[in-house]
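# Structural overview
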Amino acid sequence: KAGVTQTPRYLIKTRGQQVTLSCSPISGHRSVSWYQQTPGQGLQFLFEYFSETQRNKGNFPGRFSGRQFSNSRSEMNVSTLELGDSALYLCASSSGGWTDTQYFGPGTRLTVL
Amino acid sequence: AQSVSQHNHHVILSEAASLELGCNYSYGGTVNLFWYVQYPGQHLQLLLKYFSGDPLVKGIKGFEAEFIKSKFSFNLRKPSVQWSDTAEYFCAVNAPGTASKLTFGTGTRLQVTL
């Protein structure tokens, strides 16, 4: 089985712009979760989508949003970028049960100038 | 809400030394516990997980962890580390009702010297 894929792998944006990141889960997985990884805050949960519905949400401002398509692929969008949004954004997929293992993608490295 | 503490931020060991990385969580109910590893330049990979049964869990690459409910701990161990174990290690927890949401500790950077 192919693993979780994320595109693009690297992005450079300027403050005020918006960005869309994409995640393709492992085939058959219906849950996609997004995490932000920074040196200062570590790994923080953004949100989770399951069968096209947001099932969980972390403590991030409304500038961070996401969606999931019928084929389980997911996108996350960050509007009005700030310098502090520079981070590695990780996507993870699973079957969706709370005991299921989450499999992580390689991440998208976002740099905001 | 659950939280996870990893006490060791940076650990330096010589090859063949034994490893124990601490992880404590705060949550009053049933939890699943995970250890993930992030090798340099690679993505997060699952080392092992506990959700029920034998509290001593064995994972890949010779790692094991013991769940001690009374201490809210899930420490990671390896009897003899190798240079290739150099990586960052993350402890994580999730709970019923939060589905796939993982709460991570801040991570422990392990450096193994030859």
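Since this is a predicted model, take the numbers as computed values, not measurements. Residue positions are given per chain, counting from 1 as you read along its sequence in written order. Chain letters and ligand numbers both follow the written order, the letters beginning at A and the numbers at 1. Local features are withheld for residues below a pLDDT of 70 in this predicted model, meaning they are given only at 70 or higher, and side-chain atom pairs are given and counted only at 80 or more; totals for whole chains, interfaces and linings count all residues. Hydrogens are left out, water is left out, and the side-chain values use all remaining heavy atoms of the structure.

## Focus: the overall build of chain B
Filter applied, for reference: The helix and strand labels rest on DSSP assignments: H or I over at least four residues marks a helix, E over at least two residues marks a strand, and numbering proceeds from the N terminus. For a compact globule the rule gives 2.2 Å times the number of residues to the power 0.38, and the radius of gyration it is set against comes from C-alpha atoms. Exposure classes here rest on a 1.4 Å probe applied to the protein chains alone. A residue is buried below 20% of its type maximum, exposed above 50%, and partly exposed in between. In short, Shrake-Rupley with a 1.4 Å probe defines the accessible areas, and a residue's cover is counted only from the protein chains shown. By the counting rule applied here, Lys and Arg register as positive and Asp and Glu as negative, while His and the ends of each chain are not counted. For the purpose of locating charges, the reference atoms are NZ of Lys, CZ of Arg, CG of Asp and CD of Glu.
When you go through chain B residue by residue, the secondary structure sums to 0 helices and 12 strands. Start at the N end of chain B and walk to the C end: the helices and strands fall as β-β-β-β-β-β-β-β-β-β-β-β. Radius of gyration (C-alpha) of chain B: 14 Å, near the 13 Å computed for a compact globule of 114 residues. By principal-axis analysis of the C-alpha atoms, chain B measures approximately 45 × 25 × 20 Å. Per-residue burial for chain B yields a buried fraction of 48% across its 114 residues. Carbon together with sulfur atoms contributes 53% to the accessible area of chain B, which is approximately 5300 Å² in total. The positive charge centre, built from 9 side chains, and the negative charge centre, built from 7, are 7 Å apart in chain B.

## Focus on the interface of chain B and chain A
Just so we agree on the cut-off: Whether two residues touch is decided by their heavy atoms; if any such pair falls within 4.5 Å, the residues are in contact. In this description, buried area is defined as the sum, over both parts, of the accessible area (probe of 1.4 Å) that is lost when the two are combined. Just to be clear on terms, a salt bridge is a Lys or Arg side-chain nitrogen sitting within 4 Å of an Asp or Glu carboxyl oxygen. Under the rule applied, a polar contact is a pair of N or O atoms within 3.5 Å (in protein, one hydrogen donor and one hydrogen acceptor; residues adjacent in sequence only if both atoms are side-chain atoms). Charged means Asp, Glu, Lys or Arg here, nonpolar means Ala, Val, Leu, Ile, Met, Phe, Trp, Tyr, Cys or Pro, and polar covers whatever is left, Gly included.
Listed as interface residues are 22 residues of chain B and, on the opposing side, 22 residues of chain A. With both chains or domains summed, chain B and chain A bury close to 1700 Å², and 59% of this area falls on carbon and sulfur atoms. The interface formed by chain B and chain A includes 0 salt bridges. Linking chain B to chain A there are 12 residue pairs in polar contact (both at pLDDT 80 or more). For the side of chain B that touches chain A, the elements supplying multiple residues, two or more each, are strand S5 (32–38), strand S6 (45–50) and strand S10 (87–94) of chain B. Top contributing element to the side of chain B that touches chain A by residue count: S5 of chain B, with 4 residues. Taken together, the residues that form the side of chain B that touches chain A break down as 12 nonpolar, 8 polar and 2 charged.

## Structural notes on the pairing of strand S8 (residues 74–78) of chain A
All names here are of chain A. Short version of the rule: What makes two strands pair is DSSP finding at least two bridges between them.
Of all 5 residues that make up S8, 5 are buried, and the element is covered over most of its length. The alternating pattern of S8 places Ser74, Met76 and Val78 on one face and Glu75 and Asn77 on the opposite face, and all of these are buried. Sheet topology places strand S7 (residues 64–68) next to S8; 5 bridges connect them, and they run antiparallel. Counterpart to Phe64 in the pairing with S8 is Val78. The turn linking S7 back onto S8 is made up of 5 residues, and Ser72 within it adopts a positive phi angle of 75°.

## Let's talk about the packing of aromatic side chains
We apply this condition: Aromatic pairing here means that ring centres of Phe, Tyr or Trp (its six-membered ring) are within 6.5 Å. Orientation follows from the plane angle: under 30 degrees is stacked, over 60 is edge-to-face, and everything else is tilted. Put simply, a charge is over a ring when the Lys NZ or the Arg CZ is close to the ring centre, within 6 Å, and near the line of the ring normal, within 35 degrees.
In this structure the tally under the stated criterion is 14 aromatic pairs over all chains. Ring geometry for Phe104 of chain A versus Phe104 of chain B: centroids 6.1 Å apart, planes at 70°, classification edge-to-face. Of the two residues, Phe104 of chain A sits in strand S10 (residues 103–104) while Phe104 of chain B sits in strand S11 (residues 103–104), which places them in two different chains. Residue classification places Phe104 of chain A among the buried positions, given a relative accessible area of 4%. With a centroid separation of 5.5 Å and an interplanar angle of 70°, the aromatic rings of Tyr25 of chain B and Phe72 of chain B are classed as edge-to-face. Taken together, the residues Tyr25 of chain B in strand S4 (residues 24–26) and Phe72 of chain B in the loop between strand S8 (64–68) and strand S9 (73–78) connect sequence positions 47 residues apart. In textbook terms, an aromatic cluster arises when at least three aromatic residues are bridged by ring pairs, as seen for Tyr35, Phe45 and Phe104 of chain A together with Phe34, Tyr36, Phe90 and Phe104 of chain B. Across from the ring centre of Phe50 of chain A, 4.3 Å away, lies the NZ or CZ of Arg55 of chain A, which sits over that ring.

## Thoughts on the sheet that holds S8 of chain A
Two pairing modes exist for strands in a sheet, parallel and antiparallel, and in both the strands are linked by backbone hydrogen bonds. Residue and element names in this part refer to chain A. Our working rule: The angle between two axes is taken between their N-to-C directions and runs from 0 to 180 degrees, where each axis is a line fitted to C-alpha atoms and a helix contributes only its stretch in contact.
Sheet architecture is open: 4 strands sit in the order S1-S3-S8-S7, paired in antiparallel fashion. Looking along the sheet, the strands with just one partner apiece sit at the ends: strand S1 (5–7) and S7. Sheet twist, expressed as the average angle between the axes of neighbouring strands with direction ignored, equals 20°.

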